[in-house]
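Each chain, written out:
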Amino acid sequence: MARTGSGTLLSRRNIKLDSFLKRNTEQAVYERIRAYEPCVVISETVNKVYMHVVLSDELVYLTEYPPRTLTAAVSFRRVRDIELVNDLPEFLSGKDRERCQHIRLTYVTDKPAAKGRDWLKRDKRTALPPAAPPSRRGSHCPLITHTLEGYPAGRSRSEWRKGGKEPHMLKPTRSASCPNPETLGLLKVPHPPTQPPSSAPSLYSPTSSLTSSPSPSEQSLRTIKSGQVPRRIGSVLSRLLRRDCVNSREEREAELHLYAVSQTSRLYLHLQSSWNSFIIRSTLLLDPLYRRKCNASSDSSPGKQRPAISWERTAHLFAQLSSELLQDEISVESSYLLLQELRTAAHRNVTLRRLFWRSSEVCVFLVQTLEESLHGCQGLSGVYTEDQLLLSTVIVQTLAVMFRETEVEAARLNLLSAKKGCLASRMLLALICDPRLQTQNRGSQIDSELQALLSEYLDAACSLLFELLCSGHETSECFSFENLLSVGWILRVLQPHPHLLSFIGYQAQQVVLVLSDLQESVLSPVQAVLLFQRCRLLLACLQYNSQLAQHLRSHFREEFRYFVKPSCAEEKLPPHYPISLPTLRLVERILTLILHR
């Protein structure tokens, strides 16, 4: 965790918590922790307790304030939505209430609610149980006007140290904010809560397998039919009724509520970024070729991992490869082979991605080479060559990989924002190109091969632009000087580019083509991820740049009206792809913005 100022994306370092995490987690788990932040938590077993939320690239953990145990709360594999709720929590007071950010995580669990805790039958107002003596709070703990639930006393740390460790989590002990020694369950709270639950919580295993369509329990269905349902949870019931018993395993939606009380909180941004990275990576790992490429790390299969390469060894190998890549008068072929090696290694090693941003020379070299390869030489003849396209593609693919899961790396932010975003501007302008193949021999075999290479480059350019836009979303609220690196800033930098409109038009055409009846096949994992990235690109254009929005509406309104159907998109996106549901939501939002504005 990097130490940073209050005006940056990265979280301030909490030395005590950081020491606790480093001391009580395996190295592989600790190195994958991306952010942590204190907030008030409401879950199935925790009611309005000030805790630390700890994010890794796969799990959301909770730990007490101050930390004593670390418990896995929910896996990103089960998350269905992460959203900000616009409300003023009644249990907070003063400035904490006004500046609070209420974040709601909706996820699925296949464990029914415990007996006596039928959340569908709760009264609108339920008295709190007797309160326990006040638990320890940090100096920055917000004032909570409602009394907290009582919990059993915690056991000593030496007890759980004797137990076996799970691959991704410590075995939790009883503590003031986690009453069960095995796991932390999560409660479905239909609306922003103002009162705590009324009785004993139910539990579920956060590591249980994922199924595609949650359904209500038989008990819930009986409650619905009997009419014993408070009016305030009608919207929840409508969601449940839409989810009929699709499979034999009964599932229900649940919600985890996080109330970040810091005015500079970045928790929502970190959650969105971690979730996006997870659904992309887990979807790509469904592709056999991609899985083989990443097999050396294979984060999703801990039991099959090879021994991790140390930070020192990784740094040595990266320095060696960098010196070869940066040598004078290196040939195009040598550059291409070294970049292939760098790209493959970066897929497998997040440490290498972090080192890449700490060594600015390699990034500057890649941007400069892309400028010369794609635009310098092409401008002389007006025709792309095979070598240009191959080298440009591997450069853009390498840069895109380096952005993945490195948003909390301080060196990345410093490098891209230096000199008013000079390097970021060069990268943006270099990756945009004319999507039309300029040639005098149309229809020849050579032109067909060049067109295929150009299409591959345009796919890679979309992926890199997606990563830059994700970075822009994360930094939109972090800078006051000209909104540097924000989404609006990125699109303003690109606006003068002579090929921007045709480039964006090409990406829109590909979305229409993929989602139309012209292609009936189910999308592969790689195609599904690319569709998600293209939809995010189009949505950013529609929301943040009036010129691009007008261009899309005037040139593609009819194509989206007649060829893009949500039902068709649903047929082409298999439900077991983690990225399918978020992509369907993006398609619906794009259709709304293009057709109804």
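Above this text is the structure in question.
Treat the numbers as computed from the prediction; the structure is a model and nothing was measured. Once a new chain begins, its residue numbering starts again from 1 and follows that chain's sequence as written. At least 70 in pLDDT is required for a residue's local features to be given in this predicted model, at least 80 for side-chain atom pairs to be given and counted, and no such filter applies to totals for whole chains, interfaces and linings, which use all residues. Working from all heavy atoms in the structure, the side-chain values ignore hydrogens and water.

Asker: Hey, could you go over the packing of aromatic side chains for me, with residue numbers and the actual values?
Answerer: Any Phe, Tyr or Trp ring, taking Trp's six-membered ring, that has another such ring centre within 6.5 Å forms a pair; planes under 30 degrees apart are called stacked, those over 60 apart edge-to-face, and the others tilted. Summed over the entire model, instances satisfying the criterion amount to 6 aromatic pairs. Every member of this aromatic cluster is reached through a ring pair, and the members are F356, W357 and F403.

Asker: Outline the sheet that holds strand β2 (residues 47–56), listing residues and values.
Answerer: Pairing between two strands is assigned when DSSP locates at least 2 bridges connecting them. Put simply, DSSP marks the helices as runs of H or I at least four residues long and the strands as runs of E at least two long, and each gets a number from the N terminus on. Taking strand neighbours across the sheet as the criterion, the 7 strands line up as β4-β3-β2-β1-β7-β6-β5 in an open arrangement whose pairing is antiparallel. In this open sheet, the two strands that pair with only one neighbour each are β4 (70–75) and β5 (79–85). Across this sheet, the average inter-strand angle for adjacent strands is 35°, counted without regard to direction. Across 6 bridges, β5 lies against strand β6 (residues 101–109) in antiparallel orientation. Directly across from V85, in β6, lies its bridge partner H102. Residue contacts are counted whenever heavy atoms from the two residues lie within 4.5 Å of one another. Lines are fitted to the C-alpha atoms to define the axes, a helix being fitted only along its stretch in contact, and any angle between axes, read from their N-to-C directions, falls within 0 to 180 degrees. Packed on one face of the sheet, helix α7 (residues 267–284) meets β1 (33–42), β2, β3 (59–63), β5, β6 and β7 (252–260) and runs near 160° to β5.

Asker: Run through the nonpolar core, naming residues and quoting values.
Answerer: Considering soluble globular proteins, one finds that nonpolar side chains tend to be buried as a cluster. Take the buried residues of types Ala, Val, Leu, Ile, Met, Phe, Trp, Tyr and Cys, join any two whose side-chain atoms come within 4.5 Å, and each joined set is a nonpolar core. Burial here depends on accessible area, computed with a 1.4 Å probe over protein chains only, as a share of the maximum for the residue type. Under 20% is buried, over 50% is exposed, and the range in between is partly exposed. The biggest cluster of nonpolar side chains holds 134 residues, and the ones touching the most others in it are L105, L258, L271, L465 and F560. Take this core: its biggest share by element is 14 residues, from helix α16 (residues 445–475). With residues up to four places along the chain from it excluded, the contact list for L105 reads V60, V74, V79, D81, I82, A254, E255, L256, L258 and L271. Judged by nonpolar contacts, the second largest core, of 11 residues, contains L17, V29, L59 and A72.

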